[in-house]
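Structural characterization, general
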Amino acid sequence: MSKKQDQGTNLLYRLIGEARTYDDVIVMGRGDPDFDTPAHIVAAAKEAMIHHHADHAPPEGLPALREAIAERVKRVNNIDVDPATEVVVTNGGQEALFLMVLAVIAPGDEMIVPEPNYNTYADSLAFAGGVKVEVQTWPNDAFRADPDLVRAAISERSRALLLVSPNNPAASVISPADTAELLDIASENDLMILSDEIYDLFVYDDFVHTSPAALPGGKERTLTLNALSKAYSMTGWRLGWIVGPADLMARVAELKAAISGGASVISQHAGIAALTGPQEPVEMMAEAYRKRRRLVLDALDAMGMKYGLPQGGQFVFADIGFTGLDSAEVAQRMLTEQHVLAYPGSAFSKDRKDYLRMTFLQPEDQLIEGLERMKTAMGSIMAGQ
Amino acid sequence: MSSQNKLGLLKRHEANGDLNRPLPGPMMRHAADLAADEAISPLDERVIAAASEAMEAGQTHYVDVPGIGPLREKIAAYLNESTGSACQAGNIIVTAGQQESRFLTIQKIGELYESIAVPDVVHPGARKALGVRQRQIVSLPADAEGRYLPTLAGLAAAVRGGCRLLYLESPSRLTGAAYSAAEVAEIGKILSDNNAAAIWDQGLAPWVDGACSSLAAQESAPARVAAIGETWPGQGLASWFIAYIAAPEDWAPTMQSQKQIMAICTATASQYAALEAGDLFAEARERQLAQLKRQRDALLDQARSRQLEVCGGGASNIIALKTVGGADGAVDRLRRAGYEAADGAHFGAANVIRLSVGSGTEAALEALS
Ligand SMILES: Cc1ncc(COP(=O)(O)O)c(C=O)c1O
């Protein structure tokens, strides 16, 4: 594929490929935490290899893991689910996302998607033959999904509303009041809600994350996704889940069986250890992200860059409109000239050519160096070199 | 208040018989569970050591979408040696199990063609994968010899009728019967004469005593076959969900991007385990095969003496039986005696059951007769 043609996920993978060719690259692109998986989880996986390698792995997941998930969503999200019928284990949040879309969208159905958003939703919708109806969000409003705009986007073909909170890439968190209002809108218009809460343990300042499925009347129409990837630094284990009402979850389980049959029992045992074991490592990582976020924001302020204040998650979505260049070009120049990788906004949405997404998933010294290089790259872009 | 939207989509799902077909488990739960796709196999210490070492060295992050390089190379080398194909690492996609291999090939290669021809008798996983998204399906009737493989005449008719993509299993996932070398050559010719393509499930081929021809190695049709199978069978990794797709270079990107969309990559620990298991497989296969064959031969004698009708054959890890009065009755009878069997009805052959060859099979045959 030529550089001109590639976009979305393909564009990101081409940039990742180029980044690999530089020994001194600083990666502020991919959403893969720099921490390795906590040792007690790795130990549990080793133990499982010895004692549980042949455990029967039903498509919906090991019963003990489903119980741990039910306990977790009750404790953290206040969602009540029956582990036997209302939980399906998936190959990461990514498979959960794909399954949620397949479960509710048929060809021609519309899904309302606040933009910018995680690009795989558009890919999954395209696979299902669904139509994305965008509701734009902007940095001056901290990328808030305005309920009035959501209401205005509803048509006869609307089937579902996507809520990713905290958001990737915008890092917005939907407020409790907005969550309640969006649920009301969904109920009034008979929409299903797909709630992606993969960053729910990373919420900053005084912002609060609310699960729509925890609100009265929410569970019946909501599929809620989460995964161990980001919270426990377990991206390579491919473990996530969906919880929702039993009738719909029976269908999700059939779809899960159809697309991949099940999830690795070793990863599942590691998942049980993650959810039921000590939570200090998560706290430690969350604390590190809090510090790094401050560091990045201070550096962007010093560069005079605008951004939507990251209320949660692991990203900053910054406005680079002042360069006058397409973000794909800016990202390319930063990478080639300064060996620092950030993701162009155009990979997330065709209307976000003015943005760059940066992660704070690297050690502080690397972040500082990366931001310094970014400043140099911006300097040379602005000088017209 | 009940949701009409939800009721509508539940109804749609309910009506989708292909999607809702029951799937055999990946690995036997115990000696009397003879319904699963794979027997219980011990996990070698070397596999545990290799996977542990990788995890402790920090291999706990995302890896490349199509799999880690060394594993792709090992799979390519294995396929070239065992089937005579000419794969390179770039042709290989590591998947999260055989069902993901089915799904990716059926859906993504399927997108390139107007219709797909599918055997009337096929692993239920293929039907499930087809059920996810509506496709035009052409039926391939099974032969009358009891192998339950599609006839070559049916296959040629489908292709001449305009269907340019075939989904085939050899050996059959129900009966273990495999196409002969001459038949595979003939299929290759039908494909190349008609500019047609195939997805070729060769997952049971390692359990065939002697040569088992792969369509992917046919000179007449080398460019248009995607082969799929487990990585590696018999090594205790069935519940770790790891398999491969070996596809022509121009087909690989569409499946890779779909793999990214639905999974990002295959579990890292499973990949490092499979990397080590590949060596063990090479060392152990002959011995495992000889043992399975001995067990199966004894079961054949026993079945004959009990007037049970065996069908198919070829793959030594399974034994398929014709049942009188439908598979349902036989499956229930076995269940009452404490044994699980795979129901041929789920594969499309209502009067056949499939049993894994293992320590419990002899007693199951006794219970059946
Ligand atoms: C919003 C969102 N959902 C889902 C995922 C999938 O994550 P994983 O499959 O690694 O659990 C990601 C990954 O970046 C994400 O940002």
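So, how was this worked out
Residues numbered from 1 in each chain as written. Chains lettered and ligands numbered in written order. Predicted model: local features only at pLDDT ≥ 70, side-chain atom pairs only at ≥ 80, totals over all residues. Heavy atoms only, no water. Domains from an automatic or database assignment. Contact = heavy atoms within 4.5 Å. Buried area = accessible area lost by both parts, 1.4 Å probe. Salt bridge = Lys/Arg side-chain N within 4 Å of Asp/Glu carboxyl O. Helix = DSSP H or I, 4+ residues; strand = E, 2+ residues; numbered from the N terminus. Polar contact = N/O pair within 3.5 Å; in protein donor to acceptor, adjacent residues only side chain to side chain. Nonpolar A, V, L, I, M, F, W, Y, C, P; charged D, E, K, R; others polar.

What follows concerns the domain arrangement of chain A. All names here are of chain A. According to the domain assignment, chain A consists of domain 1 (8-30 + 281-382) and domain 2 (39-276). Using only C-alpha atoms to locate each centre, domain 1 and domain 2 end up separated by 26 Å. Contacts between the two partners involve 29 residues from domain 1 and, on the opposite side, 32 residues from domain 2. Overall, the association of domain 1 and domain 2 removes approximately 2,600 Å² of surface from exposure, summing both partners, and the carbon and sulfur fraction of that is 56%. Looking at the side of domain 1 facing domain 2, the largest losses of area belong to Gln311, Phe348 and Arg352, adding up to 27% of the total buried there. The tally of links between domain 1 and domain 2 comes to 2 salt bridges.

Let us look at the domain arrangement of chain B. Residues and elements named next belong to chain B. Under the domain assignment used here, chain B contains domain 1 (4-43 + 284-368) and domain 2 (61-279). With 39 residues of domain 1 in contact, the opposing surface of domain 2 contributes 37 residues. Carbon and sulfur atoms make up 61% of the surface buried where domain 1 meets domain 2, a total of about 3,100 Å² over both sides. The largest contributions to the domain 1 side of the interface with domain 2 come from Asp18, Glu38 and Phe347, which together make up 18% of the buried area. Linking domain 1 with domain 2 are 1 salt bridge, by the criterion used here. Among the salt bridges present, the one from aspartate 209 reaches lysine 293, with a minimum N-O distance of 4.0 Å. Contributions of two or more residues to the side of domain 1 that touches domain 2 are made by helix 9 (268-305), strand 10 (318-322), helix 11 (344-347) and strand 12 (352-356). When residues in the side of domain 1 that touches domain 2 are grouped by element, the largest group, 6 residues, is from helix 9.

Let us look at the interface of chain A and chain B. Counting from both sides, the interface comprises 66 residues of chain A and, opposite them, 58 residues of chain B. The interface formed by chain A and chain B includes 6 salt bridges. Two residues, glutamate 14 of chain B and arginine 251 of chain A, come together in a salt bridge whose shortest N-O distance is 3.4 Å. Connecting chain A to chain B are 32 residue pairs in polar contact (both at pLDDT 80 or more). Taken together, the elements giving at least two residues each to the side of chain A that touches chain B come down to helix 1 (8-20), helix 2 (39-51), helix 4 (92-104), helix 5 (120-128), helix 8 (246-259) and helix 9 (265-276) of chain A. It is helix 8 of chain A that contributes the most residues to the side of chain A that touches chain B, 8 residues altogether. Classifying every residue of the side of chain A that touches chain B by side-chain character gives 30 nonpolar, 17 polar and 19 charged.

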